[in-house]
Amino acid sequence: MCDQQDLSVEGQQLSSPAERHRLVHRDQSTRPALNRLLSSDYSEAEVLPDSFPSAPAEPLPEFLLEPEDAFIVKNRPVQLRCRASPATQIYFKCNGEWVNQNDHVTRESLDQITGLVLREVDISVSRTQVEELFGLEDYWCQCVAWSSAGTTKSNRAYVRIAYLRKNFEQEPLGREVRLEQEVLLQCRPPEGMPVAEVDWLKNEDTIDPSQDSNFLITIDHDLIIKQARLSDTANYTCVARNVVAKRRSSTATLIVYVSGGWSSWTEWSECNARCGRGWQRRTRSCTNPAPLNGGAFCEGPPFQRVTCTTLCPVDGGWTEWAKWSACGTECTHWRSRECQAPPPRNGGKHCSGSMMESKNCTEGLCVRNKKISIEHASHPLAPGMGVAVYAGLVGALLLCVILVLCVGVLAYRRRCRHLNGEITDSSSALTAAFHPGNYKPPRQDNPHPLHPSAPPDLTATAGAFRSPLFSLQQGVNDSPHKIPMTTSPLLDPLPSLKIKVYNASTLSSLELPADMCLGDGEILSLKSVGTMGRERDYHSHTLSREPGLSTSATLGNLGGRLTIPNTGVSLLVPPGTIPQGKFYEMYLIINKWDKTTLPSEGSQTVLSPVVSCGPSGMLLNRPVVLTLPHCAQLDTPTPDWTLTLKTQTHQGAWEEVLTVGEETLSSPCYLQLEEECCHVLMEQLGTYGLVGQSCPPQPACKRLQLALFAPRAPCLSLDYSLRIYCIHDTPHALKEVLDLERSLGGVLLEDPKPLLFKDSYHNLRLSIHDIPHTHWRSKLLAKYQEIPFYHIWSGSQRPLHCTFSLERGSLAVSQLTCKICVRQVEGEGQIFQLHTDIQETLPPHSPLPSGGTCLPSSQVGPYAFRLPDSIRQKICASLDAPSARGCDWRLLARSLGFDRYLNYFATKPSPTGVLLDLWEACHQADADLVSLATALEEMGKSEVLVVMTTDGDC
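Each residue is numbered by its place in its chain's sequence as written, counting from 1. Local features are withheld for residues below a pLDDT of 70 in this predicted model, meaning they are given only at 70 or higher, and side-chain atom pairs are given and counted only at 80 or more; totals for whole chains, interfaces and linings count all residues. Side-chain descriptors were evaluated using all non-hydrogen atoms of the structure, hydrogens and water having been removed beforehand.

Q: Explain the pattern of salt bridges to me, using residue names and the numbers behind them.
A: Salt bridge, as used here: a side-chain nitrogen of Lys or Arg that lies within 4 Å of a carboxyl oxygen of Asp or Glu. Per the counting criterion, the structure on display carries 33 salt bridges. A salt bridge links R107 to D122; the shortest N-O distance between them is 2.7 Å. Of this pair, R107 sits in strand β6 (residues 105-110) while D122 is found in strand β7 (residues 117-125), placing the two residues 15 residues apart along the sequence. Residue classification places D122 among the buried positions, given a relative accessible area of 8%. Helix and strand definitions here come from DSSP, where helices need a minimum of 4 consecutive H or I residues and strands a minimum of 2 consecutive E residues; each element is numbered from the N-terminal end. Buried, partly exposed and exposed residues are distinguished by accessible area as a fraction of the type maximum, computed with a 1.4 Å probe on protein chains only: under 20%, between the cut-offs, and over 50%, respectively.

See the structure below:
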């Protein structure tokens, strides 16, 4: 009966867990009484054994699996599970309340090892249940398991709603750090449940501190770079993620820069003054190390200059002769002098001449045996030899007078013939029918016309003489006494004259009568006759030239002008520069930057194109004027620049010609500086360039141009690029970029913008803004691009540009609107406001450079000059002679602004003529005579004004 009662108790339906718990305890309390009652019943029915085996005590439930914390992702419910053994019942209690039995999923099994009952229960918790909980405590659940020994409770499992906010509490910021500096990049991930895990990306690659010990990620998710390396220059991104989502921070660009360091000082140069006070100089370069990634340039000057004094050499001088000595036994007396007035010092020359002098003291009445000279050599002397010596000297003098008269007559005859060519050929050799009595090779300092390696276009050789002949060729510095004389009659007329005309491929001669006079134009006609009937080539050599960067012309005594259009480069050859009768093929070439070494060194910067003019080594009777554009900013009240003109030697090295403001009488050139160009007066052709460097304490500025280019429409690709060039503000630099973009298929979107670039060691920064992100996307990861300072300041890399690569959403997108900012860090800047249709074909846009009036590439003769030759000669005649009132060429120089160093003009045969040549070069684009007439009027030269009004255009 008792067993049936127990089964009924266990099998009845319990209304609630509390009731089930009460019944279990009641069962445990009534079990001993039931056992006694059962014993009495059995004792009455039959005889029972003395004892029964006892069943083992059942242990408390033990949880083999407890519920774990869970997160509800979006609207998906979570499952909580627990497992216990032995367990007769397991129920969940959530937030202090029992979960309905119908919400439990129960599985029961028997442990094969222990034989105990194994019970497992699952419940499901939804997002709604969690959200309905009010209070500060999170939603929690725990399991309660029963067995015959009692109950056991599990740990609480919390159920929370998972989320991850979008915005980071703190994002990493880009920085510029020096090499080996410690770097801290901070990151605070967005608020989330569960707390987000953080990873760091370097250029989209995950950073693993175990692989690179230079990186350290702190517990606060900050990234520490222990020692910044050049390889650590990259884009860094902080990534946060949990079970809900993944978030990326904005990219932080880390730039590791290297600040420049000075190299060792060079040795001190020699004192630049050979006599007296001068300068010594030594230099150093910012290459130890060189600045990198925008690092600061070296502080301090790149050169040092100290004064030096060189002792001037003193040549020795003779003292006065001492008194004659007493008459000696040899009928002579002596006197002496010393080289002590002054004595030679510091390498000066010793006195020349005899230190002692002797003579007969009896006026020839006494015969001496020997005469002592300074060398103490003995010479016999006959009694009547003195008269013979004097007679010989008189005869020699008369012969010299006759020779001089003969040479003068010959020169006069030659002048009457108006032979405007040299009576010689390139080798000074005569025709094979005549043999010179004294052959003289050509002078090395008299270069052949046109080119050293080719024969001149026009020469003349002496014709057939009837008797032994001598060479008539003379160098510029040869004196008449160097002409060897012959016994032939000098006054006989020349029977014929042979003119040799050279061509690049053929050699022809033309016999002319000896009395025929030729002018320049007739010689040119001769050249045409000599090559008649065949194809002629007037260029005796091939110039290494680029299209649009060179020009050439054959010039003679009338002069001319060479101009490279739209570059600002020109060469003025004044009349009379080339000797009469000579013709040279002169050329003017702008050297490309990739084919020449640049003249800058140290902290110097190239300010002008490197220009070659030639042929080099040709003889010039007066200076030519080379015009070069430059990009130095010169409108400041104090001088910011130290400007130097340099020339290139035949070995390729660069040498200083002059420094502006430090000219001396030995300076071979004069440089007239204007706001956008400079004019160089020089007498030696070659390769020249203008360089400069800042003059402390003020930093100098270069004038730059910013030119924006885009692909030519229509654009058939999704990709689209914008290119911004940073170039010198010179016509040549803009022309070079326009030609380059024309070959690449690019078009100029708007006129170039000016920018002043300061010598402050700061980079040029370019960035693009306000892109319509609905239709366009920038491919640039960094926020901006930079061009290093040294690349721009040195001028060694041309042309410099940055490209912004864009991508449009579809081919239907044609409108592009954006803003491009270009500025020097801590300096000036410019903004391009771009609004364009990439499918619309724009008209060609090629602006002329500043002051870029297109002049003919070459002008020959009087047409090349604004001032007629007659007016020029009268102005020179009026102003060349010094005036007591100062109304001469010096006042003209001051009126025209050419008075920076007047000593240069004072050394010329016609200072006024050189000033007028410089005026022609400075006013080649707008050369009217008003400015010159105004200067003459202020000087009071009314007679010259009358001539200009009559003969000129003024």
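Q: Tell me what's going on with the pairing of strand β21 (residues 252-257), and back it up with residues and numbers.
A: Regular strands place side chains that alternate from one sheet face to the opposite one. Burial within β21 is extensive, with five of its six residues counted as buried. Strand pairing is assigned whenever DSSP identifies at least 2 bridges connecting the two strands. In the sheet, strand β19 (residues 234-241) pairs with β21 via three bridges, with the strands oriented antiparallel. From the neighbouring strand, N235 faces β21, where its bridge partner is T253.

Q: Give a detailed account of the environment of Y784, specifying residues and quantitative values.
A: Take Y784: it is sitting in the loop between β46 (776-778) and β47 (785-787). Note on Y784: relative accessible area 27%, which makes it partly exposed. In this structure, the C-alpha to C-alpha distance between Y784 and S767, residues 17 residues apart in sequence, is 4.5 Å. The contact definition used throughout considers only heavy atoms, calling two residues in contact when any of these lie within 4.5 Å. Aside from chain neighbours lying at most four places away, what touches Y784 is E176, I255, R765, L766 and S767.

Q: Please provide a residue-by-residue account of the packing of aromatic side chains, values included.
A: Whether two aromatic rings pair depends on their centres lying within 6.5 Å, for rings of Phe, Tyr and Trp, where Trp uses its six-membered ring; planes under 30 degrees apart make the pair stacked, over 60 edge-to-face, and the rest tilted. In the structure shown here, the tally under the stated rule is 14 aromatic pairs. Consider the rings of F709 and Y725, whose centres lie 5.4 Å apart with planes at 85°: the pair is edge-to-face. In this pair, F709 sits in strand β41 (residues 701-711) while Y725 sits in strand β42 (residues 719-728), placing the two residues 16 residues apart along the sequence. Assessed through its relative accessible area of 2%, Y725 is described here as buried. Within the aromatic cluster, the residues linked to one another by ring pairs are W262, F297, W641, F757, Y761, F789 and W793. R156 extends its terminal NZ or CZ atom over the ring of W140, reaching a point 3.7 Å from the ring centre. Criterion for a charge above a ring: Lys NZ or Arg CZ within 6 Å of the ring centre, and within 35 degrees of the ring normal. We note R284 situated over the ring of W262; from NZ or CZ to the ring centre the distance is 4.1 Å.

Q: Help me get a handle on the sheet that holds strand β49 (residues 815-824), residues and values and all.
A: Spatially, β47-β45-β49-β50 is the arrangement adopted by the four strands of the open sheet, whose pairing is antiparallel. Edge positions in the open sheet fall to β47 and β50 (829-837), since each of these has one partner strand only. When the angles between neighbouring strand axes are averaged without regard to direction, this sheet yields 20°. With six bridges connecting them, strand β45 (residues 764-769) and β49 associate as antiparallel partners. Among the inter-strand pairings, R765 is bridged to a residue of β49, identified as R823. Fitted lines through C-alpha atoms serve as axes, helices being fitted only where they are in contact, and the angles separating the N-to-C directions of these axes extend from 0 to 180 degrees.

Q: How would you sum up the environment of T627? Please name residues and give values.
A: Locating T627 in the fold gives a position in strand β35 (residues 624-629). For T627, a relative accessible area of 2% puts it in the buried group. Measuring from C-alpha to C-alpha, the distance between T627 and C678 comes to 5.8 Å, with 51 residues separating the pair along the chain. Aside from chain neighbours lying at most four places away, what touches T627 is G568, V569, S570, C677, C678, H679, A921 and Q924. Each polar contact in these results corresponds to two N or O atoms within 3.5 Å; when the atoms are within protein, one needs to be able to donate a hydrogen and the other to accept it, and residues that are neighboring in sequence are counted only if both atoms are side-chain atoms. At 2.9 Å, the side chain of T627 and the side chain of H679 are in polar contact.

Q: Mind laying out the pairing of β45, listing which residues take part and the relevant values?
A: The element β45 is extensively covered by neighbouring structure, given that five of its six residues are classed as buried. Of the strand pairs in this sheet, β45 and β47 are connected by three bridges, and their pairing is antiparallel. Its bridge partner being in β47, L764 is matched across the sheet by I787.

Q: Describe the state of the cysteines, naming the residues involved and giving the relevant values.
A: Any two cysteine sulfur atoms within 2.5 Å of one another count as a disulfide. Tallying each qualifying case throughout the model produces eight disulfides. With a sulfur-sulfur separation of 2.1 Å, C82 is cross-linked through a disulfide to C143. Between C82 and C143 the disulfide shows an S-S torsion of about -95°. By sign, it is left-handed. Residue C82 is found in strand β3 (residues 78-85), and its partner C143 is found in strand β8 (residues 139-147); the two are separated by 61 residues along the sequence. Each member of the pair, C82 as well as C143, carries the same accessibility label: buried.

Q: I'd love a proper account of the packing of helix α9 (residues 889-896) against helix α12 (residues 930-939), names of residues and values included.
A: Between α9 and α12, whose axes approach to 10 Å, the crossing angle comes to 130°. Taken together, the axes of α9 and α12 are oblique relative to one another. For the element pair α9 and α12, the recorded crossing hand is right-handed. Contact with α9, carried on its side by L891, L892, S895 and L896, involves L932, A935, L936, E938 and M939 of α12 and no other residues of that element. Within the contact of α9 with α12, the residues separate by chemical class into seven nonpolar, one polar and one charged. An angle below 35 degrees is treated as roughly parallel, one above 145 as roughly antiparallel, one from 65 to 115 as roughly perpendicular, and anything else as oblique. For a crossing to be left-handed, the near helix must be turned anticlockwise from the far one by less than a right angle; the clockwise case is right-handed. Amino acids outside the nonpolar list (Ala, Val, Leu, Ile, Met, Phe, Trp, Tyr, Cys, Pro) and the charged list (Asp, Glu, Lys, Arg) are all regarded as polar, and Gly is one of them.

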